[in-house]
Structures are given as C-alpha cells and as structure tokens.
Amino acid sequence: MQVNLEESNNITIEREGTSDSFIMCIDSRVTVRLAKAELKLMHALIGAQLQDNPKLGKDALKKVMADALVSNKPKVQEVLRRMKQEDIAFVVWYMGDLRLAHEILGNMSKRAADDVQESVREGIERRIRKERSTGNSSFETQMAEYGKNAVTAFLKQVFETDALPV
C-alpha cells in the first residue's frame, strides 16, 4: 500500500515475505519494521484520533488491547510490574470491559489487583462523581484522556520489544 501525502512525500507499507512483519517506509528515508500487532495499534490510535465519535475510537483500542493481552501474554506481566498502580487503574477504568480487566488483573498478585480495583472505585470513579456534583462536567473528559493515554502507554510498552529498526 502506498499513500502520497504531497508531491514529495509518501508512505509505503509492505508485508515482509509471508511473515506477520511489515516494513513501513516514509519518504524513502525512514524505514521501520513493525509486527502485525503494532500496525493494528497504530491503526487504532490514528483511528481514535480521527473519529468524531469517541466511542468508536475506544472500541478500536479495545480490539487492540484484547489482541495484545492474548498474543503478547508473556510481556504483559513484565509491563505491569513497571507501571504505576494509578496508571494500571486508568487502563482498567478506561477500557470498561470486565473481560479485559480480568485479563489484566489476572497477571498481577491478588493484593496488587485488589489495590488497582480500589483505585478505580475510590480514586477515579469517586472523583468523577464528586466533580459532577459540583458542576464540573469537563472533568470526566479529562479523566478519559488520562485513561486513553494510559492505555496507549501500556500498549506501546507491550509492543516495544517487537519493533526492530531496519
């Protein structure tokens, strides 16, 4: 696939043989090898930014998250160890999917998983309710942005070791 942005710029993405690796070339100067999952992440992130409907962007991120939790299972626990509890809570809260939450929390100790769930209930959701009651309606949007950023950071870390520069 090739996309011409302007007369002098273009982006090319080609499958590398029969594998699940892709080569992305930007202006014939920058070349990056991407795994299929990383390409899906980029697609979801770009789609989420371009969507007028935030729910569609969130659904795209959910699909990538579900795929990442299954296909990169060994890396998930390692990434969770490096993340702050608050960031994990934002990931769980933003995804809003019990299946994904169970998959994430299942890769943590029982105590850490309980702490994350408590952070979601008492930290994020309680704070949103409090701000709503004071009339601050933009706070929930701000929290959703934090959540989206936490999901993106999580997915980037999961896919980080797959990206190999050419």
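This text goes with the structure placed above it.
Here we take up the overall build of the protein. A count of helices and strands for the protein gives seven helices and five strands. When the helices and strands of the protein are read in sequence order from the N terminus, they spell out β-β-β-β-α-α-α-α-α-α-α-β. Out of the 166 residues in the protein, the part that is buried amounts to 36%. Long-range pairs, those at least 24 residues apart, make up 55% of the contacts in the protein between residues at least 6 apart in sequence. Summing over all exposed atoms, the protein offers an accessible surface of approximately 10,400 Å²; the carbon and sulfur share of this is 51%.

A separate point is the packing of aromatic side chains. Within this structure, the stated rule accounts for two aromatic pairs. Measuring from ring centre to ring centre gives 6.4 Å for Phe 90 and Trp 93, while their planes differ by 80°; the resulting arrangement is edge-to-face. Note that Phe 90 and Trp 93 are positioned in helix H4 (residues 85-95) at a spacing of three residues, about one turn of the helix. Accessibility classification places Phe 90 together with Trp 93 in one group, the buried group. A ring pair is formed by Phe 90 and Tyr 146, whose centres lie 5.9 Å apart and whose planes are at 75°; its orientation type is edge-to-face. With Phe 90 in helix H4 and Tyr 146 in helix H7 (residues 139-159), this residue pair connects regions lying 56 residues apart in the sequence. On the basis of relative accessibility, which here comes to 6%, the residue Phe 90 falls in the buried class. Members of the aromatic cluster, joined through ring pairs, are Phe 90, Trp 93 and Tyr 146.

Bringing the packing of H4 against helix H6 (residues 110-133) into the picture now. Remark: H4 packs on H6, axes separated minimally by 9 Å, with the N-to-C direction vectors making an angle of 70°. Judged by the inter-axis angle, H4 sits roughly perpendicular to H6. For the pair formed by H4 and H6, the contact residues are Gln 85, Ile 88, Ala 89, Phe 90, Val 92 and Trp 93 on the first element and Asp 115, Val 116, Ser 119, Val 120, Ile 124, Glu 125 and Ile 128 on the second. Tallied by class, the residues present in the contact of H4 with H6 amount to nine nonpolar, two polar and two charged.

What follows deals with H4. Counting buried positions over the eleven residues of H4 gives eight, a clear majority of the element. For H4, the complete set of buried residues consists of Ile 88, Ala 89, Phe 90, Val 91, Val 92, Trp 93, Tyr 94 and Met 95. Gly 96, located one to two residues past H4, shows a positive phi value of around 60°.

This part is about the pattern of salt bridges. The tally for this structure, following the rule as stated, stands at eight salt bridges. Of the charged contacts, one joins Glu 122 and Arg 126 as a salt bridge, the two residues approaching to 4.0 Å between their closest N and O atoms. You can see Glu 122 and its partner Arg 126 sitting in helix H6, four residues apart, about one turn around the helix.

The rules we used
Residues numbered from 1 in each chain as written. Predicted model: local features only at pLDDT ≥ 70, side-chain atom pairs only at ≥ 80, totals over all residues. Heavy atoms only, no water. Helix = DSSP H or I, 4+ residues; strand = E, 2+ residues; numbered from the N terminus. Buried < 20%, exposed > 50% of the residue type's maximum accessible area, 1.4 Å probe, protein only. Contact = heavy atoms within 4.5 Å. Areas by Shrake-Rupley, 256 points an atom, 1.4 Å probe, with all protein chains shown as cover. Phe/Tyr/Trp six-rings, centres within 6.5 Å; stacked < 30°, edge-to-face > 60°. Axes fitted to C-alpha atoms, helices over the stretch in contact; angles between N-to-C directions. Parallel < 35°, antiparallel > 145°, perpendicular 65-115°, else oblique. Nonpolar A, V, L, I, M, F, W, Y, C, P; charged D, E, K, R; others polar. Salt bridge = Lys/Arg side-chain N within 4 Å of Asp/Glu carboxyl O.

Nothing here speaks to function; it is geometry throughout.
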